[in-house]
Amino acid sequence: MFRKVLIANRGEIALRVIRACHELGIAAVAVYSDADARAPHVREADEAVNVGPAPSAESYLRGERIIDAAKRVGAEAIHPGYGFLSEREWFARAVRDAGLVWVGPAAEAIAAMGSKTAARQLAIGANVPVVPGTTEPLRDAKEAREIAKRFGYPVLLKAAAGGGGKGMRVVRDEKDLESSLEAARREAKNAFGDDAVYVEKYIVGPRHVEIQVLGDHHGTLLSLNERECSVQRRHQKMIEEAPSVAVTPEMRRAMGETAVRAARAAGYTNAGTCEFLLDADGKFYFLEMNTRLQVEHPVTELVTGIDLVQWQLRVAANEKLPFKQEDIVPRGWAIECRITSEDPSNNFLPSTGKVDYLHVPSGPGVRWDSGIEHGSDVTLFYDPMLAKLIVWAPTREAAITRMHRALSELTIQGVDTSRDFHLRVMEDDDFRRGAIEIQWLERRLPSLLSAKPTRELCDVAAIAAALLVDRERHAPARLAASTSAPAPSDAYADAWARAGRLDSLR
Ligand code: MV4
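Before going into details, it helps to say that this report is about the structure given with it. (Residues numbered from 1 in each chain as written. Predicted model: local features only at pLDDT ≥ 70, side-chain atom pairs only at ≥ 80, totals over all residues. Heavy atoms only, no water.)

## Observations regarding the sheet that holds strand 9 (residues 207–215)
(1) Moving on: Within the open sheet, the eight strands sit side by side as 13-12-9-10-11-14-21-19. Their pairing is antiparallel. The open sheet has two edge strands, strand 13 (284–290) and strand 19 (366–370), and neither has a second partner. Here the strands of the sheet are splayed against their neighbours by 25° on average, with no regard to which way each runs.
(2) Moving on: In terms of strand pairing, strand 9 meets strand 10 (residues 221–233) through six bridges, oriented antiparallel. Bridge pairing in strand 10 links E210 to R227.
(3) Moving on: Of the strands in this sheet, strand 9, strand 10, strand 12 (270–278) and strand 13 are in contact with helix 9 (residues 249–265), which crosses strand 10 at around 105°.
(4) Moving on: Helix 12 (residues 396–409) rests against strand 11 (236–242), strand 14 (333–340), strand 19 and strand 21 (385–393) of the sheet, and its axis sits at about 140° to strand 21. (Pairing = 2+ DSSP bridges. Helix = DSSP H or I, 4+ residues; strand = E, 2+ residues; numbered from the N terminus. Axes fitted to C-alpha atoms, helices over the stretch in contact; angles between N-to-C directions. Contact = heavy atoms within 4.5 Å.)

## Considering helix 8 (residues 177–192)
(1) Moving on: An ideal rise of 1.5 Å per residue puts 22 Å on 16 residues; helix 8 measures up with 22 Å between its terminal C-alpha atoms.
(2) Moving on: Regarding helix 8, the residues found buried are L177, S180, L181, A183, A184, R185 and A188.
(3) Moving on: Among the structural elements, helix 7 (141–151), strand 6 (155–159), strand 7 (169–171) and strand 8 (197–201) are those in contact with the buried residues of helix 8.
(4) Moving on: In the segment just after helix 8, G193 is the residue with positive phi, at about 70°. (Expected span 1.5 Å × (residues − 1). Buried < 20%, exposed > 50% of the residue type's maximum accessible area, 1.4 Å probe, protein only.)

## Some details on the pairing of strand 19
On a regular strand, each side chain points to the face opposite its neighbour's, so the side chains alternate between the two faces of the sheet.
(1) Moving on: Within strand 19, five of the five residues are buried, which leaves the element mostly enclosed by the surrounding structure.
(2) Moving on: Along strand 19, one buried face is formed by V366, W368 and S370 and the opposite face, lined by R367 and D369, is buried too.
(3) Moving on: The sheet contact formed by strand 19 and strand 21 spans five bridges and is antiparallel. When the bridges of strand 21 are listed, V366 appears paired with V391.

## Description of the pattern of salt bridges
(1) Moving on: On inspection of all chains with the given rule, the structure shows 40 salt bridges.
(2) Moving on: Across the salt bridge formed by R145 and E178, the nearest N and O atoms sit 3.6 Å from each other. With R145 in helix 7 and E178 in helix 8, the pair connects residues that are 33 residues apart, well separated along the chain.
(3) Moving on: A relative accessible area of 29% means that R145 is categorised as partly exposed.
(4) Moving on: The closest approach of N and O atoms between E409 and R405, which form a salt bridge, is 2.9 Å. Of this pair, E409 and R405 both sit in helix 12, four residues apart, roughly one helical turn.
(5) Moving on: According to the relative accessible area criterion, E409 is partly exposed, its value standing at 28%.
(6) Moving on: Among the residues examined, R405 registers a relative accessible area of 27% and is labelled partly exposed.
(7) Moving on: In this structure, a network of salt bridges that share partners links the residues E210, R227, K237, E240, E296 and R338. (Salt bridge = Lys/Arg side-chain N within 4 Å of Asp/Glu carboxyl O.)

What follows is the structure, encoded as C-alpha cells:
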C-alpha cells in the first residue's frame, strides 16, 4: 500500500479521501489555494501545500504545480476527487509520466470516453444499447433533415465533444431543424472549441439511472448496481438514491452487465459510472461514462457496504478485488441531498457569507460529508455544494422519513441554503411515490416553492405567536386585533402545546 497520497481537490471530497487514506494507514497531503488556507481539508491532512491564488484556474487546475508538490513531499500517488482535473486525460498522463500513480482509470480510458461520439461508437462495438442516432458528425442541414426524417421527430442535436447538456437542442419539427443546428454548433464551438454536432432520437420523459463500476488490474470488473439521479435541475443533480424504484432485479442484472461491457471495451480500471436513460417501458440506453469518482458515490457505499474510495486506493496499488459479482447484494435504501449555498426561491442564486451557526444532524443511519464548519467563508470561487446529507434505512419510505428528520435537525446560518427546499421535496407526494423523471423537478419547482410552509416554519410561527400572546396577556385589546388568523391546524396546536411547555419550564 502507498505510504503517502496527495489529494488534488478541496472541500468535502478532499476530506472524504483523507478519511479513506487514514483508515488505510496512508499519510494524506492536501493542496490548497490562498482562500482555503484554513479550510477543514487542510487541517485534517498530514501535510498541505499551497498551489496558488483563490481562482481555481490559478490553483486547483494547475496540474504542473500539483505534480511538483507531490514529488516534493514524496507522495507516491495522486487522487483527483471529482471535478477540477479528475477527467483531464493530459493530467492523468502527466501524473503517470512523473512516475506517480494516478488513482483513477488510465489516461487512455479517459480519452476513449471523453468524446461522446467516440464513446457511442465504442458502446455500439461492445453491443451496448445506445439511443438510436448517428455516430458521425453532421455535414450540413440537408444531411440533418434526411437523418431526422429517418428517426422521426422529436430529435436531439448533441455536441460531439459535449456532455453536461451543453450544445444540446431538441427539435420537434423539421422547420426548426436548420436554426437549431446553427444554435447547437455555436454553443458547442463556444463551450468545447469544436462545432461537431450529431443527431439522436429524443427520448421523452426518461429517468436518469447510472451504474457504478469498479475494476482492478487483474481482470475483475464489477457492477455495484444503480443510482437513481432523476431529481436534477439544469443538469445539476440535487437528490440521488440507491436503488431505483424503476429497476427490477432482472433490469439490474442486465444494466450491470451492459455497463461492465462498456467499461471493458474502454480498458477501464478503478471506479467509474455509466449513465443511462431509462424510458417508461423499461428500455435503457447508454449515454456516457464518467471516468471518475462521483459526488453521489456514498449512496452506493451505503447499500453495498463497499468503501469505494478505499477500494480506489487499493486497486490503484495493484490489489485484487476480493469480491465476485454474486457478492454484490444491495441492502436497504440510501438517499443523498446535496446541500448547496443557493437560494431556491431566487432562481437558485448562489449565496455567500460566513457560516456563523452550524448544527449537524446525526443519529441512526445518518452520514454528513461536508466541506464546511462553523466559521467557514462561503465564496463564489468554488462550487456552491456545502455538504452532502446521506441517510440509510431498510426501506425507501423509512429512508425518506429519516432524511426529513435529519434535514429538520440541520441548521446552517450565515448563508442561504437548499435545506428547506429539500424538506419540501421529502414531503412531496410524487417524490414519495417515486414518480420522478428528468424533467420532474423543473416542472414541480413552482409548486414546491409556493408550497405550504414547512411544518417547522408553522411551529416557529406558532411559538412566536405564543410568546407574543404571553407578553400581551395583560393587553387583551391589542391581542384581539392580532388573532384573526385561520383556524389552527394540528401543526399549530402541537406548536402551541410545545410553546406552553417551554414557557412552564422557564
Ligand atoms: C438525451 C435526452 C433525451 N434523449 N438524449 C443531458 C446531458 C447529457 N448527458 C445527455 N442528456 C440527455 N440526453 C436523448 N436522446 C435527455 C437528456 C437530458 C438529461 C439526461 C440525464 C440527466 C438529466 C437530463 C436533463 C435533461 C436532458
